[in-house]
Structure formats: C-alpha cells, structure tokens
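# Overview (structure and organization)
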There are 2 protein chains.
Amino acid sequence: MIIRLDMQSELPIYTQLINQIIEGIASGSLQPGEDLPSVRSLAADIGVNLHTINKAYTLLKQEGYIQIHRQKGVVVNPDGMPPATPEFEQKQAEQFRPLIAEAICRSMDKASLLQIVESIYEDILHGKKENA
Amino acid sequence: MIIRLDMQSELPIYTQLINQIIEGIASGSLQPGEDLPSVRSLAADIGVNLHTINKAYTLLKQEGYIQIHRQKGVVVNPDGMPPATPEFEQKQAEQFRPLIAEAICRSMDKASLLQIVESIYEDILHGKKENA
DNA sequence: CAACTGTTATACTACAAATATAACAGATAG
DNA sequence: CTATCTGTTATATTTGTAGTATAACAGTTG
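Report follows, based on the coordinates.

The rules behind the values
Residues take numbers from 1 onward in each chain, read along the sequence in its written order. Key to labels: chains lettered from A, ligands numbered from 1, both in the order written. Predicted model: local features are reported for residues with pLDDT of at least 70 only, side-chain atom pairs are reported and counted for 80 or more only, and whole-chain, interface and lining totals are derived from all residues. As a convention, hydrogens and water are excluded, and side-chain values are obtained from all of the structure's heavy atoms. Any residue with a heavy atom positioned within 4 Å of a molecule or strand is treated as near that molecule or strand. Identification of polar contacts relies on pairs of N or O atoms within 3.5 Å, with a donor-acceptor requirement for protein atoms, meaning one able to donate a hydrogen and the other able to accept it, and with residues adjacent in sequence counted only if both atoms are side-chain atoms. Counting from the N terminus, the helices are the DSSP runs of H or I reaching at least four residues and the strands are the DSSP runs of E reaching at least two. Note on residue classes: Ala, Val, Leu, Ile, Met, Phe, Trp, Tyr, Cys and Pro are nonpolar, Asp, Glu, Lys and Arg are charged, and everything else, Gly too, is polar. Here, two residues are considered to be in contact whenever any of their heavy atoms come within 4.5 Å of each other. The buried area of a pairing is the accessible area, by a 1.4 Å probe, that goes missing from both parts when the two are put together, added over both. A carboxyl oxygen of Asp or Glu within 4 Å of a side-chain nitrogen of Lys or Arg is what we treat as a salt bridge.

## Digging into the protein's contact with DNA strand D
For DNA strand D, the set of nearby residues contains 23 residues, the closest of which are His51(A), Ile13(B), Tyr14(B), His51(B) and Lys55(B). Take the atoms of DNA strand D that sit within 4 Å of the protein: sugar and phosphate atoms are 63% of them. Note that a base nitrogen of DNA strand D is positioned 3.3 Å from one of the side-chain N or O atoms of Gln71(B). Elements supplying a minimum of two residues to the surface near DNA strand D: α2 (39-46), α3 (50-62), β2 (66-69) and β3 (73-76) of chain A together with α1 (13-27) and α3 (50-62) of chain B. A per-element tally of the surface near DNA strand D places α3(B) first, with 3 residues. Within the surface near DNA strand D, the residues separate by chemical class into 7 nonpolar, 10 polar and 6 charged.

Here it is, written out as structure tokens:
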C-alpha cells in the first residue's frame, strides 16, 4: 500500500489518507484482516505527525472500515465492511448532489455523466490510478 | 430563489450558498440574465455578514456562473454557462472518486450506484428538494 | 443630494489542521 | 526482567480559514 500525499491540496492530510485507504480496500489491494502500519511508522514513512495518522485511523474505525487493538495494532476489519445504511445513502446523496448540479449547468447530459461514474467505478475495481 | 442555510453543517456558509445557487441554475429556477440580490440585502435576509455573500459571489464569478457589475448588481451569466472543460472533468472525477470507492466498499453494485446518480440528476432537473 | 451598487481595508474572534513533546499502560520478544 | 513496541492521552504552539464588525471609497441612479 503506497500512500501519496499532495501537500498543496485543499484536502486535509488526514482526509487524503482516509480516501486512499478506502480506495485500497475497494480495489482489493487492502484485504480484510490485513495489517496497517502503526501510527508512528506510517507517520515517519510519509513525513507527518503521528496525531495526523491517528486522526485518520480513528475516523476510519468510527465508520467501521478498520479495527484498532490497544497494544497490538491496526487491521482492516476482518468481519467485512460496513453495510450501505440509509444514513450512508442519504449522506452520499448530499455529496453527489452539488457535483451533479454543476454537471447539469455545464450541459453534460445524463448519459455522459453516467458514463463517467461508470468508468471511475471500473477504474477503482481494477486498481487504476488517476489519469496521469 | 429561497436560500436555506444549515448553521450546524460542516460545509462553510459560502459553500452552501454556492451549491444552492448552482442548483438553482441547473433546475431552471434561476434563468440566465436573472438578477441576484445585492450582497447587502442577501446578507440581511439570511442573517450573515456581507463578506460571506461577497465571497460566494466572487467564486461563482470566477467559475463563470454569474457576472458582477460595479455599481449595478449581480446577474446570472446571460451569455450562458461555462462549458465542461477537460480541467472541469478532471476535478469532477477527483471529487466523485472517493464517493464511489466508499460505495464499492459497502457492496453497492454498479447498477445501484448509477440508479442513485440518475435519480439525483432527475430530481435536480425537476427542482425537487432533498428527501424530507 | 440621497440611496444604492460592488469593492477594499482593517481588526477581531473562533475553530480546524498540523506539529512538537511528553508521558502512560499494556503486550511481547530478547 | 527489561527493552521495545503498540495505541492513547495531554498540553502547547503555529498557521490558515471562516465569519463577523465597521468603515470608507467610487460610481450609478432616482
């Protein structure tokens, strides 16, 4: 699992970490039960403070993606991923909504939009990085 | 055009404003050429500072959604909306990506995801608010 | 002239992000 | 047993953004 941070991004570091770990799980490059680096070693690896890693891990745990064991370590949830609850779907829709509104303003038709979503879906499943 | 703010939201006020104005344009409730309230009157209406409104308007202008005329007022861009440039599509994909990765983790299949995007697309076109 | 427009400037509060240190408590390998 | 690793907690500091509060400027318009 390679973590790549953009220090110029408007996204906080801990958010970039969360996004990349979730995508790693989605693509299968991180398997349930697999160990994640300790807060200290990952912090040292990518050159940030251990609290930044800890914040990302804590949020991932709250959402059910990972388990954190005191004095042991961090592991991708071996009991499987959290389900798509109604609360999740509502929050998801709230995040999709402004993106779709923008697309409509820019005259993107429904088929084009769905095609973009579909290709991103496939890219993630096949572990493809952002278009370089 | 009715603006509804959620002061408990994690989204900044100016971002909520931007989102609602863009959705207003997308749904057709705001037509090209239509006047928007002045920074002062809108600020007074919704109970925020005029600089907060000004920040939202300035960003909307930078993206081409509105025009701002000194000593006149603010208007939805009468020359039409900005096109879907490659830069826009790339930024759009970056924002879609983490949402789709989350959906994959939660075992949402491609058809379900596309169906959700499609229904939001239709909701916006028909001016429907969030599911109450 | 008065009232309105966007614009600019300054100052302040509040909060989030990130860092820097330090210490604690339990597990484990030597 | 001791040293080392784990997550956890606490405190303090720096930096940047969000938002507010006031004030003034310059041009338009009734």
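## Some remarks on the interface of chain A and chain B
Across the contact, 45 residues belong to chain A and 45 residues belong to chain B. Together chain A and chain B conceal approximately 4,800 Å² of surface at their shared face, both sides included; 68% is due to carbon and sulfur atoms. Taken as a group, Arg97(A), Arg106(A) and Tyr121(A) account for 18% of the area that chain A buries against chain B, more than any other trio of residues on that side. With a closest N to O distance of 3.2 Å, Lys110(B) and Glu118(A) form a salt bridge. Scanning the region where chain A abuts chain B turns up 17 residue pairs in polar contact (both at pLDDT 80 or more). Counting residues per element, the ones that place at least two in the side of chain A that touches chain B are α1 (13-27), α4 (86-105) and α5 (110-125) of chain A. Among the elements that line the side of chain A that touches chain B, the one with the most residues is α4(A), at 16 residues. Of the residues that constitute the side of chain A that touches chain B, the class distribution is 27 nonpolar, 3 polar and 15 charged.

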